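A look at the structure
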Amino acid sequence: MSRIGRMPVAVPAGVTVTIAEGNKVTVKGPKGTLERELPVEMSIEQKDGQIIVSRPNDLKKMKSLHGLTRTLVNNMIHGVTEGYEKVLEVNGVGYRAAKQGKKLTLNLGYSHPVEMEDPEGIETVMEGQNKIIVKGISKEKVGQYAAEIRDKRRPEPYKGKGIKYADEVIRRKVGKTGKK
């Protein structure tokens, strides 16, 4: 029983949702427009300011698609109204991040600075020299770009150097000890 899939998605004021054939959902809001093709098996309908997702039968695949479809619609509506952001922290001696135009330059202890171009619809904002905020309306793209930045130098368990999410906890290890 999909508890999430059964819940209706409220459409706030200032947001328009259009459902085309083949379950192509377009959401327009104050921050922009998102469109996505959702699973064709699900039936998506708009009734008095709410979106209701229903499934054709109780097969396991349909149950899983039910919750997924509802969550995707909800994420699109949340994205065009409030947007999404992920905060990354750069830790380590000499590790720095700088922003010039749409280019993010990371100094991460390599022999060269790592340069990354902001993808379309995503914006990175610097807070000081070691805090990067990735903002956008698509949850998927924000998460993906934040993960790509983090992959340039993942946090290591001994000193905790590297790029980590602000809410991430690094499991620390004890270093080696000398023999006597």
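Residues numbered from 1 in each chain as written. Predicted model: local features only at pLDDT ≥ 70, side-chain atom pairs only at ≥ 80, totals over all residues. Heavy atoms only, no water.

**Re the pattern of salt bridges**
Tallied over the entire structure, the rule returns 9 salt bridges. Notably, a salt bridge pairs Lys-24 with Glu-35, separated by 3.3 Å at the nearest N-O pair. Within this pair, whereas Lys-24 is found in strand β3 (residues 24-29), its partner Glu-35 is found in strand β4 (residues 32-37), the two being separated by 11 residues in sequence. Classification of Lys-24 as partly exposed rests on a relative accessible area of 30%. The salt bridge partner of Glu-89 is Lys-164, with a shortest N-O separation of 3.4 Å. On the criterion of sequence distance, the pair formed by Glu-89 in strand β7 (residues 84-91) and Lys-164 in strand β13 (residues 162-165) is long-range, its members being 75 residues apart. Residue classification places Glu-89 among the partly exposed residues on the basis of a relative accessible area of 21%. (Salt bridge = Lys/Arg side-chain N within 4 Å of Asp/Glu carboxyl O. Helix = DSSP H or I, 4+ residues; strand = E, 2+ residues; numbered from the N terminus. Buried < 20%, exposed > 50% of the residue type's maximum accessible area, 1.4 Å probe, protein only.)

**Thoughts on the pairing of β4**
Note: β3 against β4, 6 bridges, orientation antiparallel. Bridge pairing in β4 places Thr-26 opposite Glu-35. In sequence, β3 turns back onto β4 through a hairpin of 2 residues. (Pairing = 2+ DSSP bridges.)

**Focus: the sheet that holds strand β11 (residues 122-127)**
The sheet built from 4 strands is open, its strands ordered β11-β12-β7-β13 with antiparallel pairing. With partners counted over all chains shown, the strands left at the sheet margins are β11 and β13, one partner each. The sheet shows a mean angle of 25 degrees between the axes of neighbouring strands, taken without regard to direction. The pairing of β11 with strand β12 (residues 131-136) spans 6 bridges and is classified as antiparallel. Its bridge partner being in β12, Glu-127 is matched across the sheet by Lys-131. (Axes fitted to C-alpha atoms, helices over the stretch in contact; angles between N-to-C directions.)

**Overview of the side chain of Arg-55**
Here Arg-55 lies in the loop between β6 (50-54) and α2 (60-81). Of note is the side chain of Arg-55, whose polar atom sits 3.0 Å from the side chain of His-66. (Polar contact = N/O pair within 3.5 Å; in protein donor to acceptor, adjacent residues only side chain to side chain.)

**Some words on the side chain of Asp-118**
Of note, Asp-118 is situated in the loop between β10 (114-117) and β11. According to the relative accessible area criterion, Asp-118 is buried, its value standing at 5%. Engagement of the side chain of Asp-118 in a polar contact is seen with the side chain of Thr-124, the distance being 3.0 Å. Asp-118 has contacts with Lys-99, Lys-102, Glu-123, Thr-124 and Tyr-145, leaving out every residue within four places of it along the chain. (Contact = heavy atoms within 4.5 Å.)

**A closer look at the environment of Ser-43**
By secondary structure assignment, the location of Ser-43 is in strand β5 (residues 43-47). Of the residues examined, Ser-43 reaches a relative accessible area of 32% and is grouped as partly exposed. Along the primary structure Ser-43 and Asn-23 are separated by 20 residues, whereas in three dimensions their C-alpha atoms are 7.7 Å apart. Only 2.6 Å separates the side chain of Ser-43 from the side chain of Ser-54, close enough to count as a polar contact.

**Thoughts on the sheet that holds β5**
Strand order across the open sheet formed by 3 strands is β1-β6-β5, with antiparallel pairing between neighbours. The two strands at the open ends of the sheet, each matched to only one other strand, are β1 (9-10) and β5. As paired strands, β1 and β6 are joined by 2 bridges and run antiparallel to one another. When the sheet's bridge partners are listed, Ala-10 is paired in β6 with Gln-50. Relative to β6, α2 is tilted by about 160 degrees, and along the sheet it contacts β1, β5 and β6.

**Section: α2**
Compared with an ideal rise of 1.5 Å per residue, which puts 22 residues at 32 Å, α2 spans 33 Å between its outermost C-alpha atoms and is within 8% of the ideal. Immediately downstream of α2, the backbone of Gly-83 shows phi near 85 degrees, a positive value. (Expected span 1.5 Å × (residues − 1).)

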